[in-house]
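Next come the chains, spelled out residue by residue.
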Amino acid sequence: MHGMTVSTRKPRSSTSRRTGAATIATVAELAGVSLMTVSRVINAETNVRDTTREAVHAAMEKLNYAPNRAARRLAGGAQLRIGLLYSNPSEAYLSAFLLGSLEQASRADIQLVVQNADRNGDECDVTRQLLNSGVDGVILPPPLCDSQPVLDLLIESGIPTVVVATGKRPDALAAVSIDDRSAAREMTEHLLTLGHVRIGFILGAPNLTASDERRKGYSDALAARGLAVDEGLIAQGYFTYRSGLDASEQLLDQAVPPTAIFASNDDMAAASVAVAHRRGLDVPGDLTVVGFDDSALAKTIWPELTTIHQPIADMSRAAVDLLTGMLRSKRNRAEDPPKEIVLDYTLIRRQSDAAPRRRPAMRQRD
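Residue numbers restart at each chain and count upward from 1, following the sequence in its written direction. Restriction of local features to residues with pLDDT of at least 70 applies here, the model being predicted, together with a cutoff of 80 or more for giving and counting side-chain atom pairs; totals for whole chains, interfaces and linings are based on all residues. The basis for the side-chain values is all heavy atoms of the structure; hydrogens and waters are excluded.

Trainee: Break down the sheet that holds strand β13 (residues 346-348) for me, with residues and values.
Mentor: The sheet built from six strands is open, its strands ordered β8-β7-β9-β10-β11-β13 with mixed pairing. Looking at which strands have only one partner, the edges of the open sheet turn out to be β8 (234-235) and β13. A pair of strands is considered paired only if DSSP assigns at least 2 bridges between the two. Every helix listed is a DSSP run of H or I at least four residues long, and every strand listed is a run of E at least two residues long, numbered separately from the N terminus. Sheet analysis places strand β7 (residues 199-202) next to strand β9 (residues 260-263), joined by four bridges and oriented parallel. Within the sheet, the bridge partner assigned to Ile202 lies in β9 and is Ala263.

Below you can see the structure in the form of structure tokens.
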């Protein structure tokens, strides 16, 4: 299906009134805030502290509270329509992103219009179709977050837009991201601390700014240890499993192969593990493999991947919240300048990394 409108309205029981269903008052009581604060959170207004917003959302979830749409209209809070335009080669990443977006849209009573920008078609044509459908704002996850023709079209249209996981935010648009460079540097430092010196690196897609940020982080960590970057230890990938197979084969075919491979996402790291197993190498005994994202795939392969946890679902939730706040401000004629939200990442250590295997000198001579 080329595109779809996802209804995020929660089903209500016909007996809800008789069974004491949650109200805005019970939400406010549980969260320890005023009725006005709950109303501001529901309407995604920007003048609410993040900790307070989280407390209200937690109370709404615990009480299974869904905002009353009719009451919202009477209060001038007509339902908003947000477009989510996607085209991502990683199904695991896309699944987590859509799950977070749908969940947050449901909480805020937002209509989410999900549109697939077919990679074999014209991204700009699909974007125009989305704009012509009457959406109030747009969310762009990778790789479209770095598609210059799409960005130019959205900026020209003047529609509020949030780009997610870009390494370089356009001045005219809002963004949600992590510090990719710092995260890649921390992972590379982790491998160096384990004792690895020859660390292979699989690049992400060259058309994404986050790919370049991760390469810079890898180079930063090596430079900090006084190590030069060996271009022979860097292989091109495209964030796909297939590209990870080719890149890891290239790295392991060298006369002196790396003792560790750091792939720019979990799909390519999983491919590196598969290549290692096919060659009879033990992971992590003979080869350490680490990834980036902490997608569902990281915990479904063996051994489970050491990786950088990028809070994909949280980033999509934050994007919905940020865009909704921008749209509310626009309706109130109090537009704020676009801003960037940077979320925390975490290095998650599992079973795919270890110190490089060192054999006794006598055995090597034998």
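Read on, since the account is not over.
Trainee: Go over the side chain of Asp266, please, and point to the residues and values.
Mentor: Residue placement: Asp266 occurs in helix α11 (residues 266-278). No salt bridge is formed by the buried Asp266. Its closest oppositely charged neighbour is Arg350, at 6.4 Å. Any two residues whose heavy atoms approach within 4.5 Å at even a single point are treated as in contact. Those residues in contact with Asp266, other than ones at most four positions away along the chain, are Gly291, Phe292, Asp293, Asp294, Ser295, Leu297, Ala298, Leu305 and Thr307. Buried residues are those whose accessible area, probed at 1.4 Å on protein chains only, stays under 20% of the maximum for their type, while exposed residues exceed 50% and partly exposed ones sit between those limits. In summary, the charge assignment counts Lys and Arg as positive and Asp and Glu as negative, without counting His or the chain termini. In what follows, salt bridge is the name for a side-chain nitrogen of Lys or Arg lying within 4 Å of a carboxyl oxygen of Asp or Glu.

Trainee: Hey, could you go over the nonpolar core for me, with residue numbers and the actual values?
Mentor: The term nonpolar core refers to a set of buried residues drawn from Ala, Val, Leu, Ile, Met, Phe, Trp, Tyr and Cys, joined through side-chain atoms within 4.5 Å. Core analysis: the largest hydrophobic core is formed by 49 residues, its most contacted members being Ile139, Val162, Val164 and Phe262. By residue number, the principal contributor to this core is helix α12 (residues 312-331), which donates eight residues. Contacts of Phe262, omitting those with residues within four sequence positions, involve Ala184, Met187, Thr188, Leu191, Ile199, Gly200, Phe201, Ile202, Val290, Gly291 and Phe292. Core analysis: the second largest hydrophobic core is formed by 24 residues, Ala205, Ala235, Val289 and Ile301 among them.

Trainee: Give me the lowdown on the packing of aromatic side chains, citing residues and values where you can.
Mentor: Each Phe, Tyr or Trp ring, with Trp reduced to its six-membered ring, pairs with another whose centre is within 6.5 Å; inter-plane angles below 30 degrees give stacked pairs, above 60 give edge-to-face pairs, and intermediate values give tilted ones. In the structure shown here, the tally under the stated rule is three aromatic pairs. Ring centres of Tyr93 and Phe97 lie 6.4 Å apart, and the angle between their planes is 15°; on these two criteria the pair is classed as stacked. Linking Tyr93 with Phe97, this pair stays in helix α5 (residues 91-107), spanning four residues, or about one helical turn. We classify Tyr93 as buried; its relative accessible area is 5%. Ring geometry for Phe201 versus Phe262: centroids 5.2 Å apart, planes at 75°, classification edge-to-face. Of the two residues, Phe201 sits in strand β7 while Phe262 sits in strand β9, which places them 61 residues apart along the sequence. Overall, the relative accessible area of 0% leaves Phe262 in the buried class. Of the aromatic side chains, those joined through ring pairs into one cluster are Phe201, Tyr218 and Phe262.

Trainee: An account of helix α8 (residues 180-194) is needed here, citing residue identities and associated values.
Mentor: The span one expects for a helix is its residue count, reduced by one, times 1.5 Å. For α8, which comprises 15 residues, the first-to-last C-alpha distance of 21 Å matches the rise-based estimate of 21 Å (1.5 Å per residue) to within 8%. Lining the buried residues of α8 we find β7, α9 (209-224), β9, β10 (288-293), β11 (306-309) and β13. Looking one or two residues beyond α8, the residue adopting positive phi is Gly195, at roughly 115°.

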